[in-house]
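Below, each chain spelled out in residue letters.
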Amino acid sequence: MTNTHIPVLLQEVLQALSPQDDYTYIDATFGGGGYTEAILNAANCKVIAIDRDPDAEKRAQLFKQKYKDRFQFIQGPFSDIDTLLPKDTLYNGIVFDFGVSSFQLDEANRGFSFRLNGPLDMRMSKDIGLTAADIVNIYSAEELAEIIWFYGEEKKSRIIARAIVEQRKTKPFETTLELAELVRKFVKRHDGLDPATLTFQALRIFVNNELIEIDTVLKKTLAHLSVGGKVVTVTFHALEDRLIKNWIRSDHQELQHSSYALKALFSKPICPSIEEVKNNPRSRSAKLRAVQLIPAKSVRSAS
Ligand SMILES: C[S@@+](CC[C@H](N)C(=O)[O-])C[C@H]1O[C@@H](n2cnc3c(N)ncnc32)[C@H](O)[C@@H]1O
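Asks: Any chance you could explain the pattern of salt bridges here in plain terms?
Replies: Where charged atoms from two side chains of opposite charge approach closely, those side chains can pair. Scanning all chains against the criterion turns up 15 salt bridges. Residues K66 and E37 are paired through a salt bridge, measuring 3.6 Å at the closest nitrogen-oxygen approach. With a gap of 29 residues between them, K66 in helix α3 (residues 54-67) and E37 in helix α2 (residues 34-42) connect regions that are remote in the sequence. Judged by relative accessible area, which is 44%, K66 ranks as partly exposed. The class of E37 is buried, set by a relative accessible area of 15%.

Asks: Is there a simple way to explain the site of the ligand in this structure?
Replies: Near the ligand you find 25 residues, and of these D51, F78, D97, Q104 and E213 are the closest. Within the side chain of D97, one N or O atom sits 2.7 Å away from a nitrogen atom of the ligand. When the free accessible area of the ligand is taken as 600 Å², the share hidden by the protein chains comes to 99%. Considered class by class, the residues forming the shell around the ligand number nine nonpolar, 10 polar and six charged.

Asks: Any chance you could explain helix α9 (residues 176-186) here in plain terms?
Replies: In an α-helix, one turn spans 3.6 residues, which is why side chains three or four residues apart end up on the same side. Turning to α9, its buried residues are T176, L177, L179, A180, L182 and V183. For α9, the elements touching its buried residues are α8 (157-170) and α10 (197-207).

Asks: Is there a simple way to explain the pairing of strand β3 (residues 71-75) in this structure?
Replies: The two faces of a sheet get side chains in turn, since along a regular strand they alternate between them. With five bridges joining them, strand β2 (residues 46-51) and β3 adopt parallel strand pairing. Bridge pairing in β3 links D51 to Q75. A crossover links β2 with its parallel partner β3, the connecting element being α3, and its sense is right-handed.

Asks: Honestly, the environment of I270 in this entry has me stumped. Any pointers?
Replies: Its location among the elements puts I270 in the loop between β6 (260-264) and α13 (274-279). Of the residues examined, I270 reaches a relative accessible area of 23% and is grouped as partly exposed. If near-sequence neighbours (up to four positions away) are discounted, I270 is found in contact with L9, E12, A286, K287 and L288.

Asks: Help me understand helix α12 (residues 238-255) in this model?
Replies: Under the 1.5 Å per step criterion, the end-to-end length of α12 is 26 Å for 18 residues, consistent within 8% with the ideal 26 Å. Of the residues making up α12, those classed as buried are L239, E240, D241, L243, I244, W247, I248, D251 and L255. Where α12 is buried, its residues meet α7 (141-152), α11 (210-221), β5 (225-235), β6 and β7 (287-295).

Asks: Sorry, what's going on with the environment of T197 here?
Replies: Take T197: it is sitting in helix α10. Judged by its relative accessible area of 13%, T197 falls in the buried class. The spatial distance from the C-alpha of T197 to the C-alpha of V183 is 9.4 Å, given a sequence separation of 14 residues.

Cut-offs used in this document
Residues numbered from 1 in each chain as written. Predicted model: local features only at pLDDT ≥ 70, side-chain atom pairs only at ≥ 80, totals over all residues. Heavy atoms only, no water. Salt bridge = Lys/Arg side-chain N within 4 Å of Asp/Glu carboxyl O. Helix = DSSP H or I, 4+ residues; strand = E, 2+ residues; numbered from the N terminus. Buried < 20%, exposed > 50% of the residue type's maximum accessible area, 1.4 Å probe, protein only. Near = heavy atom within 4 Å. Polar contact = N/O pair within 3.5 Å; in protein donor to acceptor, adjacent residues only side chain to side chain. Areas by Shrake-Rupley, 256 points an atom, 1.4 Å probe, with all protein chains shown as cover. Nonpolar A, V, L, I, M, F, W, Y, C, P; charged D, E, K, R; others polar. Contact = heavy atoms within 4.5 Å. Pairing = 2+ DSSP bridges. Right-handed = clockwise from strand over helix to strand, strands pointing away. Expected span 1.5 Å × (residues − 1).

Next comes the structure, spelled out in structure tokens:
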């Protein structure tokens, strides 16, 4: 199956999940189906895939043809996992690979790319309210600076925000390159990253409400996991990783008074090898964490 999105940390995800025959897994961020395909090929199991992007549904058709009733696709935001998935069913594992796919980045019309000219959109799904253009054209300089600083950690956030507000007085922003070129006038980088990277990242996270999405789904995840089930997450920046760490800590504490416990499968997050980063620069900031829901007794007897 052709796939122009190179799945990040794929072998490590598979190793953490260790798919088994007759088990059912959730791939909550289907994208190009890289993880789904590897899971379905690793065992005679089933995968229910979720993605909020309708374009992902088109790619999922091919999986349906190939894997038949071993595969199902559901379109929607993963924060709605409790209503998207059938009630009262428990799953053996859930994988999350947060952020955008190369399909989204490489399609100029989606407006995610600072390299390709397209409408400044960035919505993963059209039912998301405001586009990135709406935000840069409506929000105040203070609000824009806050967004660009908080979600992009861009040191020049204030300068960029003021420049945006100044430029839109002449003509509202419509395209990705109008914004990218403005940012490049004020940001210089010496690490090979395009100067517009962090501003675009910040707007994308804000447009798609990405951190709230993650926080919401994590709070609902354990309710869908069978005992022995695993949650495997791949994050791409510190804000996402912090949400995962906090979730593991808080659910671990909450479970202390129940007969279950959360076991971390690795003592430290797994990062891509130098080789992987060379082959797929998008993987450079990836971190994999994995936990397993286990009976509390086995924690006590293991310690
Ligand atoms: C990094 S890609 C996943 C790539 C996939 N693992 C693969 O190997 O092809 C992330 C995907 O998650 C989807 N996504 C992001 N946020 C989402 C959300 N809140 N709900 C559902 N899907 C989401 C995006 O539309 C994108 O297709």
